[in-house]
Amino acid sequence: STSITEQSCENSPIKEDKLKTFYKTFYIEDSISTEIDTKLLGRLRSQMTERDPAYILYTSGSTGQPKGTVISHRALIAYSDWFIHAFDINERTVFGSQTPLYFSMSVSDLYASLRTGATYQIIPKKYFSFPMQLIEYLNTYKINTIYWVPSALNIVANWDTFAYIKPEYLKKVLFAGEVMPVKQLNYWRKALPDVFYANLFGPTETTDICSYYVVNRTFSDDETLPIGVACSNCDLIIADENGKEAASGELLVRGPFLADGYYHNPEKTAEVFVQNPLNDAYPEIVYRTGDLVYRGEDGLLRYQGRKDFQIKHMGYRIEPGEIEAAIGALPEIHACVCIYLETTDEILLFYQGKIKQEALSAAISGKLPAYMRPNKFIRIRQMPYNSNGKIDRKKLPMPKEVLNISKENYVPPKTDLQKQLVSIFEKVLNTKPIGIHDNFFELGGDSLLAMSLNIELLEFTNKVSYSDIFKFSTVAELEDKINSDNNKPILNKFENLPGGALDILNKTTKKSK
């Protein structure tokens, strides 16, 4: 199948009546009944090389445009070869897949299955809301290997699921995508001591993973897991701000796992796919991950946090992950997330668990120094999760003062159009109240939520394109844009819609059949 993206359209404007000429949506049912053109396939395959793209996987930035990561056949083959041998994947392996196919983690179990004849069982998303039924599913399909995000594993632990039912066939538990809390990992290891556990680490730009750690000892609940050592056929460099090799700093990756860059985005590609700073003899590209790491005394790499997440509070440089690890180790805490407010120099802690704010504040007084203690504690019933199963920080229910919505600067909607736009903003951002001068992106919006906003706007107006949302980011600005365009030609409803618009095209195509 193909999808229309803003990047793929901007150089070749497409009118709505020509969509079918340039882009086609192929349905599995139709492809099965289509006769195979062996001559065409033979001609295409004779022209292929290992450097050709195998796929383009889109990731969302915090603001701006999604990035299309181009992964070649060479990278995919090299990476999957490591994965298969590192974890002994074979025809007896039965994967229970949790991650959607548009998430880089799906690459590992999917292509390992294709290469080895392993069984690839896609677990319906609904089971991850019902832990006991999830384990029953694993047992029904005799799943022996899982590769999940930690949030999925945490749900099983937080509900004490193994007190009622245990997986009968499980042999390997792999996890990646976010930091694995040791407290929940210890729950799994205590209940299933004979299972193999491994912590995998890496960005989409390294196909999936670049380092890993086989859990081979006991950790206390307040410790953090190492991210381990480099995968075979992959090399990791720790560089300081001057590009010199260091004991701690930004993680750089080199080797055949690397993506070729970002689709139609030479500026961003040049920013992070750079010449190896340790090699001045010949061209060699490395990927700057933006992750801060250090090498411990045991020789293992340890993750400190994202370079862009590091904060300076009360004169100290702080890694929010250290705060989350310390508080997450408390027995009453099921999950927690730290958010830093630069405007007020405050650390917010969102937490899920059976402990009151006052008791939590007292509990951490002996665990964290004063400068690392959160200024505010916000207890929530359930952490928000994104489509990949990871905690979605952008959907945390921010209090009004955090969102800069106060009696002094809050301007309510007055006109019918303003009220309609505010209603859509509040629906997409899942927060209230929103005033007509509150900026969509400052309230937690990103490129994917902008796409959702664009889709909602299309229900009543076709005067706003996807790219307009980045130029006119408040209700007042959008109202002026809509009113000023009353005498202008109607926009193509698919103009500048980013990756993910395939759902809309599918619905449109089905309705037309």
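A. Summary view of the overall build of the protein. Of the regular secondary structure elements, the protein holds 17 helices and 20 strands. Pairs at least 24 apart in sequence give 63% of the contacts found in the protein among residues at least 6 apart.

B. Representation of the packing of aromatic side chains in the model. Taken as a whole, this structure holds 21 aromatic pairs when the rule is applied. Taking 6.3 Å as the distance between ring centres and 35° as the angle between the ring planes, the aromatic pair formed by tyrosine 79 and phenylalanine 83 counts as tilted. Here phenylalanine 83 and tyrosine 79 lie together in helix 5 (residues 73-86), a separation of four residues that amounts to about one turn. Residue tyrosine 79 is classed as buried on the basis of its relative accessible area of 1%.

C. Highlighting the pattern of salt bridges. Under the criterion given, the structure shown has 15 salt bridges. Arginine 92 is the partner of glutamate 91 in a salt bridge, and the nearest nitrogen-oxygen pair spans 3.4 Å. Overall, the relative accessible area of 58% leaves arginine 92 in the exposed class. With a shortest N-O distance of 2.9 Å, arginine 254 and aspartate 235 are connected by a salt bridge. Here the residue arginine 254 occupies a position in strand 11 (residues 248-254), and aspartate 235 occupies one in strand 10 (residues 235-239), the gap between them amounting to 19 residues. Salt bridges sharing common partners tie together Asp235, Arg254 and Glu284.

D. The arrangement of the pairing of strand 7 (residues 196-201) in detail. Counting buried positions over the six residues of strand 7 gives five, a clear majority of the element. Sheet topology note: the strand 6 (residues 172-175)/strand 7 ladder contains four bridges and is parallel. For phenylalanine 175, the partnering residue across the bridge sits in strand 7 and is asparagine 199. Bridging between strand 7 and strand 8 (residues 211-214) involves four bridges; their strand directions are antiparallel. Each residue of the ladder has a partner; that of phenylalanine 201, found in strand 8, is serine 211.

E. Local environment of the sheet that holds strand 19 (residues 346-353). Strand order in the open sheet formed by three strands is 18-19-20, with mixed pairing between adjacent strands. One side of each edge strand has no neighbouring strand; the edge strands of this open sheet are strand 18 (333-341) and strand 20 (376-379). Shown here is a sheet whose adjacent strand axes are inclined to one another by a mean of 25°, direction ignored. One ladder, built from eight bridges, connects strand 18 with strand 19; its direction is antiparallel. Counted as the bridge partner of tyrosine 340 is isoleucine 347 from strand 19.

F. Structural detail: the pairing of strand 20. Sheet analysis places strand 19 next to strand 20, joined by four bridges and oriented parallel. Residue pairing for strand 20: tyrosine 351 is matched across the bridge by arginine 379. The β-α-β motif built from strand 19, the intervening helix 12 (residues 357-363) and the parallel element strand 20 has right-handed crossover chirality.

G. Representation of the sheet that holds strand 9 (residues 229-230) within the structure. Strand order in the open sheet made by the seven strands is 4-3-5-6-7-8-9, with mixed pairing throughout. Lying at the two open borders of the sheet, with one neighbouring strand each, are strand 4 (119-122) and strand 9. Sheet topology note: the strand 8/strand 9 ladder contains two bridges and is antiparallel. When the bridges of strand 9 are listed, serine 211 appears paired with alanine 230.

H. A look at a nonpolar patch on the surface. Taken together, Ile36, Leu40, Leu41 and Leu44 make up a surface patch of nonpolar side chains, about 340 Å² in accessible area. Topologically, isoleucine 36 is positioned in the loop between helix 3 (28-32) and helix 4 (38-46).

Calculation rules
- Residues numbered from 1 in each chain as written.
- Predicted model: local features only at pLDDT ≥ 70, side-chain atom pairs only at ≥ 80, totals over all residues.
- Heavy atoms only, no water.
- Helix = DSSP H or I, 4+ residues; strand = E, 2+ residues; numbered from the N terminus.
- Contact = heavy atoms within 4.5 Å.
- Phe/Tyr/Trp six-rings, centres within 6.5 Å; stacked < 30°, edge-to-face > 60°.
- Buried < 20%, exposed > 50% of the residue type's maximum accessible area, 1.4 Å probe, protein only.
- Salt bridge = Lys/Arg side-chain N within 4 Å of Asp/Glu carboxyl O.
- Pairing = 2+ DSSP bridges.
- Axes fitted to C-alpha atoms, helices over the stretch in contact; angles between N-to-C directions.
- Right-handed = clockwise from strand over helix to strand, strands pointing away.
- Patch = residues over 30% accessible without salt bridge, like charges linked within 9 Å, V, L, I, M, F, W, Y side chains within 5 Å.
- Areas by Shrake-Rupley, 256 points an atom, 1.4 Å probe, with all protein chains shown as cover.

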